[in-house]
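A structural walkthrough
In case you want the letters, here they are:
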Amino acid sequence: MLQLEQKTAVITGASSGIGRSMALAFAREGARVVVNYNNSVARAETVVSEIRSNGGHAVAIQANVGHPDQVENLIRTTQAEFGKIDIWVNNAGADILTGSGAKLSDEEKLHQLIEIDLKGTIACCWALVPVMQGQGRGVIINMSWDLAIHGFHGRNPQMFAAVKAGVLGFSRSFASTYGPVIRVNILAPGWIHTSFTEEMMDRKYYEARISEIPLGRFGTPEDVAEAAVFLASDASSYMTGEMIKINGGLS
Ligand code: NAP
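**A closer look at the site of the ligand**
Not every one of the 28 residues close to the ligand is listed here, only the nearest: Ser-15, Ile-18, Ser-40, Asn-64 and Asn-91. Within the backbone of Gly-13, one N or O atom sits 3.2 Å away from an oxygen atom of the ligand. In isolation the ligand has 900 Å² of accessible area, and contact with the protein removes 87% of it. The pocket occupied by the ligand, as judged from atoms lying within 2 Å of grid points, is the largest pocket.

**Here's the deal with the packing of helix 5 (residues 106-135) against helix 7 (residues 155-178)**
Running from amino to carboxyl end, helix 5 crosses helix 7 at an angle of 15°, the nearest separation of the two axes being 9 Å. When the axis of helix 5 is compared with that of helix 7, the two are roughly parallel. Like other packed secondary-structure pairs, helix 5 and helix 7 cross with a definite hand, here right-handed. Class assignment of the residues belonging to the contact of helix 5 with helix 7 gives a composition of 15 nonpolar, four polar and five charged.

**Side note on the nonpolar core**
Membership of the largest hydrophobic core comes to 34 residues, with the highest contact counts inside it found for Met-22, Phe-26, Val-33, Val-35 and Leu-187. When residues of this core are traced back to their parent elements, those giving at least two are strand 1 (8-11), helix 1 (17-28), strand 2 (32-37), helix 2 (41-53), strand 4 (87-90), strand 5 (138-143) and helix 10 (221-232). With seven residues, helix 10 is the largest single contributor of residues to this core. Not counting chain neighbours up to four residues away, the residues in contact with Val-35 comprise Ile-11, Ala-14, Ser-15, Ala-23, Ala-44, Val-47, Val-48, Ile-51, Val-59, Ala-60 and Ile-61.

**Structural notes on helix 3 (residues 68-82)**
With 15 residues, helix 3 extends 21 Å between its outermost C-alpha atoms, agreeing within 8% with the 21 Å of an ideal straight helix rising 1.5 Å per residue. Among the residues of helix 3, Val-71, Leu-74, Ile-75, Thr-78 and Phe-82 are the ones counted as buried. The buried side chains of helix 3 occupy one side of the element, clustering within an arc of 95° when seen end-on. The exposed residues of helix 3 that point more than 90 degrees off its buried face are Asp-69 and Ala-80. On the buried face of helix 3, the contacting elements are strand 1, strand 2, strand 3 (57-62), strand 4 and helix 5. At the exit of helix 3 stands Gly-83, carrying a positive phi of roughly 85°.

Cut-off values and rules
Residues numbered from 1 in each chain as written. Predicted model: local features only at pLDDT ≥ 70, side-chain atom pairs only at ≥ 80, totals over all residues. Heavy atoms only, no water. Near = heavy atom within 4 Å. Polar contact = N/O pair within 3.5 Å; in protein donor to acceptor, adjacent residues only side chain to side chain. Areas by Shrake-Rupley, 256 points an atom, 1.4 Å probe, with all protein chains shown as cover. 1 Å grid on protein atoms, 1.4 Å probe; cavity = no way out; pocket = protein on both sides within 12 Å on 5 of 7 lines; lining within 4 Å. Sits in = over half its atoms within 2 Å of the grid points. Axes fitted to C-alpha atoms, helices over the stretch in contact; angles between N-to-C directions. Helix = DSSP H or I, 4+ residues; strand = E, 2+ residues; numbered from the N terminus. Parallel < 35°, antiparallel > 145°, perpendicular 65-115°, else oblique. Left-handed = near helix turned anticlockwise from the far one by under 90°. Nonpolar A, V, L, I, M, F, W, Y, C, P; charged D, E, K, R; others polar. Core = buried A, V, L, I, M, F, W, Y, C linked by side-chain atoms within 4.5 Å. Buried < 20%, exposed > 50% of the residue type's maximum accessible area, 1.4 Å probe, protein only. Contact = heavy atoms within 4.5 Å. Expected span 1.5 Å × (residues − 1). Arc of directions from axis to C-beta.

Right under this line is the structure:
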């Protein structure tokens, strides 16, 4: 049985990495998917094409989640396209580790993380309240980080932990405010194979991290996407405000 049949799902930042894998997994489970992106239109269109070539339904919609007016527009465009929003994943995240993001000052990195990961998540959740209350139900998934709880050395991890712990704290209070109509749960990935691990991580550092992981490997975007399918589906209907770590048993 398909777990998300007849559902409409919006995934922010679905043009690459974990968001892309979620879009593919949700479509496989029968959802009609909105592939949100900010800059990477070609990548987003490729995800949509992959879904359609497998017989699924998807559209790409541009919106910068750091701008509440663009979030409102993303919601309105989704409603016009699919009529409702059953599931929303706040996956979009600032890239402070690769490309131009890696060259930003610490202050600029922190600003980006706060604007996109934290304020973007809050803006989307608040904008969804009247929508999901009007529908009588809705499911939200927010993205945290396993090491936000336990800590990890370095300046980038300090900033990432501050923001992702903020996402966790916000989500739990949101869950307690808007249940039973809106369920919100949190995914906390650990070390996941992404462009950062492929482009930037040196071999010795990579192997040192693997030696600490009980399951002996980095996670994949697909590992995170399968947990997202569970949290989006009725299989998790008695869960809200809960965080699931997908980290191979690390922390
Ligand atoms: P990624 O490959 O860098 O993808 C980030 C996505 O976010 C892209 O699709 C990007 O779209 C989008 N995005 C960035 N800024 C945006 C904005 N202002 N508005 C809308 N979309 C925006 O990232 P990832 O590694 O898959 O991570 C996905 C999520 O998991 C993030 O929240 C991240 O913090 C979290 N996470 C990842 C890991 C990990 O190891 N990878 C660990 C813990 C948590 P455009 O390219 O179109 O701008």
